[in-house]
Amino acid sequence: MKRILILITASFLLAMPMEVKAQDIQQRTTIEQEVAPITISVNESTIHIKNAEKMVIEIYNMAGVKVVTQRIDSSDKAIELDNLPKGCYIIKIGKVARKVYLR
């Protein structure tokens, strides 16, 4: 009788973490599916950003100097960069970074 009780208790304890892990994975997948990817596109000296509301855009020149920092206030934002010289820049929004060329 004692062995049966120990086996039942042990199997219950082994089964519990697997259920928790499966629930965690399911919750993470659901959260990741709800988040739309950030898109960055450039047309001459205008940058169009989608799905980055309430985030901060940082723009660096090729020397690594931060030249622009701006908070994104809508899910579809256009930023004019006429004041920057033509050339390559690095755009960083959260964990997303892109190299772009301004004309």
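Okay, so let's go over this structure. (Residues numbered from 1 in each chain as written. Predicted model: local features only at pLDDT ≥ 70, side-chain atom pairs only at ≥ 80, totals over all residues. Heavy atoms only, no water.)

1. Observations regarding the overall build of the protein
And step 1. Of regular secondary structure, the protein possesses one helix and seven strands.
And step 2. What you see in the protein, going N to C, is helices and strands ordered as α-β-β-β-β-β-β-β.
And step 3. At a minimum sequence separation of 6, the contacts of the protein that also span at least 24 residues come to 45%.
And step 4. As displayed, the protein offers around 8,000 Å² of accessible surface, 57% of which is attributable to carbon and sulfur atoms. (Helix = DSSP H or I, 4+ residues; strand = E, 2+ residues; numbered from the N terminus. Contact = heavy atoms within 4.5 Å. Areas by Shrake-Rupley, 256 points an atom, 1.4 Å probe, with all protein chains shown as cover.)

2. Some remarks on the pairing of strand β3 (residues 56-61)
And step 1. As paired strands, β3 and strand β4 (residues 66-71) are joined by five bridges and run antiparallel to one another. Across the sheet, residue I59 finds its bridge partner in β4, namely V68.
And step 2. Linkage of β3 to β4, two consecutive antiparallel strands, is achieved through a turn of four residues, within which G64 is found at a positive phi near 90 degrees.
And step 3. Sheet topology places β3 next to strand β6 (residues 87-93); five bridges connect them, and they run antiparallel. In the sheet register, I59 faces β6, and the bridge partner there is I91. (Pairing = 2+ DSSP bridges.)

3. Examining the sheet that holds strand β2 (residues 46-50)
And step 1. One open sheet holds the three strands; their spatial order is β1-β2-β5, and the pairing between them is antiparallel. The open sheet terminates on both sides in strands that have one partner only, identified here as β1 (39-43) and β5 (76-80). Geometrically, the sheet is characterised by an average inter-axis angle of 20 degrees between neighbouring strands, direction not taken into account. (Axes fitted to C-alpha atoms, helices over the stretch in contact; angles between N-to-C directions.)

4. Some points on the pattern of salt bridges
And step 1. With the rule as written, the count across this model stands at three salt bridges.
And step 2. A salt bridge links K66 to E58, with the shortest nitrogen-to-oxygen separation between them at 3.3 Å.
And step 3. With a closest N to O distance of 3.3 Å, K77 and D73 form a salt bridge.
And step 4. Accessibility expressed as a relative area gives 54% for D73, which makes it exposed.
And step 5. A cluster of three or more residues bridged by salt bridges with shared partners is formed by E58, K66 and K92. (Salt bridge = Lys/Arg side-chain N within 4 Å of Asp/Glu carboxyl O. Buried < 20%, exposed > 50% of the residue type's maximum accessible area, 1.4 Å probe, protein only.)

5. Looking at the sheet that holds strand β7 (residues 96-102)
And step 1. The four strands lie next to each other as β4-β3-β6-β7, forming an open sheet whose pairing is antiparallel. Both outer strands of the open sheet, β4 and β7, are each paired with one neighbouring strand and no more. Across the sheet, the mean angle separating the axes of adjacent strands is 20 degrees when strand polarity is ignored.

6. Some points on the environment of G94
And step 1. Secondary-structure assignment places G94 in the loop between β6 and β7.
And step 2. The spacing of G94 and I57 is 37 residues in sequence and 7.7 Å in space, taken between C-alpha atoms.

7. Side note on the nonpolar core
And step 1. In terms of nonpolar packing, the biggest core is built from 18 residues, with I49, I57, I59, L81, I91 and I93 touching the most fellow members.
And step 2. Contributions of two or more residues to this core are made by β2, β3, β6 and β7.
And step 3. Apart from residues lying up to four places away in sequence, I91 is in contact with I40, I47, I57, E58, I59, V96, A97, R98 and V100. (Core = buried A, V, L, I, M, F, W, Y, C linked by side-chain atoms within 4.5 Å.)

As far as function goes, none of this settles anything; it's purely spatial.
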